[in-house]
Amino acid sequence: MAVTATTDLLRYTLTTSPPDLVRATAGHPRQARLEIAVTRNPAADGVPDCRSITVEVPTGDGADALTARAERIDTAYRAPHGRSWHIRATTPEPGRTVFTCTPEGPRGKAGFDDREDFTLVLERIPLTGPPGTVQLRISDETATGSGTYARRSTVLPVAVVGE
């Protein structure tokens with residue numbers, strides 16, 4: 001089942017694999033794959049231009065962490081028309097890993113019309129956090145037309161159950 005959230009200009013759709021995430025135990029290591037598809041919010045006026053998208057994942061030993069092994073998360077992406085994106089993972093503070101996605105190219109931005117999209121893939125995530133709902137904070141730096149770029153945020157919930 002997919003979960004969707006929006007900012008003023010972009011829509012984010014999260015799909016997990018496996019569909020139901022189960023916490024790892026000592027005898028049963030488990031991993032997850034998260035795909036976050038980014039498209040134009042149908043309610044947006046005009047074509048959004050995007051300079052960056054960030055995905056903040058709770059990591060570490062906290063009660064809200066998805067994994068204690070953030071260094072094991074692999075990243076990939078899908079984008080149409082040969083568009084290239086750069087993905088950088090940082091840990092600006094304990095308990096939070098941030099994946100920053102920026103479009104490459106001379107303009108340093110990507111336009112999201114109805115045919116354009118981007119999918120961030122976070123895979124091989126060890127599900128070592130406690131059962132519960134993890135909140136992924138998604139932010140984008142976007143504008144339309146000649147408007148001013150602004151940072152907009154939303155949250156995507158990820159449910160992890162115990163064995």
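Now for a quick tour of the structure. (Residues numbered from 1 in each chain as written. Predicted model: local features only at pLDDT ≥ 70, side-chain atom pairs only at ≥ 80, totals over all residues. Heavy atoms only, no water.)

**Some thoughts on the nonpolar core**
Basically, it comes down to this: We define the nonpolar core as a collection of buried residues of types Ala, Val, Leu, Ile, Met, Phe, Trp, Tyr and Cys that are connected through side-chain atoms lying within 4.5 Å of one another. In this scheme, a residue with accessible area under 20% of its type's maximum is buried, one over 50% is exposed, and one in between is partly exposed, where area comes from a 1.4 Å probe on protein chains only. A run of H or I in DSSP counts as a helix once it spans at least four residues, and a run of E counts as a strand once it spans at least two, with each numbered from the N terminus. Residue contacts are defined here by distance: any two heavy atoms, one from each residue, within 4.5 Å place the two residues in contact.
Counting 32 residues, the largest nonpolar core has I53, L66, F112, L122 and L136 as the members making the most contacts within it. Of all the secondary-structure elements, those providing two or more residues to this core are β2 (10–17), β4 (31–40), β5 (48–58), β7 (85–93), β8 (96–103), β10 (118–126), β11 (132–144) and β12 (150–161). Beyond its immediate sequence surroundings of up to four residues, I53 is in contact with Y12, V38, W85, F99, T100, C101, F112, F118, I138, S139 and D140.

**Quick word on the pairing of β5**
Quick reminder of the rule: For two strands to be treated as a pair, DSSP must find at least two bridges joining them.
The element β5 is largely enclosed, with a buried count of nine among its 11 residues. Here β5 runs beside β11; their pairing, made up of eight bridges, is antiparallel. Bridge assignment links T54 to a residue of β11, and that residue is S139. As paired elements, β5 and strand β9 (residues 110–111) share two bridges and run antiparallel to each other. When the sheet's bridge partners are listed, C50 is paired in β9 with A110. Relative to β8, β5 runs antiparallel, the two being bridged by six bridges. In the strand pairing of β8, P58 is matched with R96.

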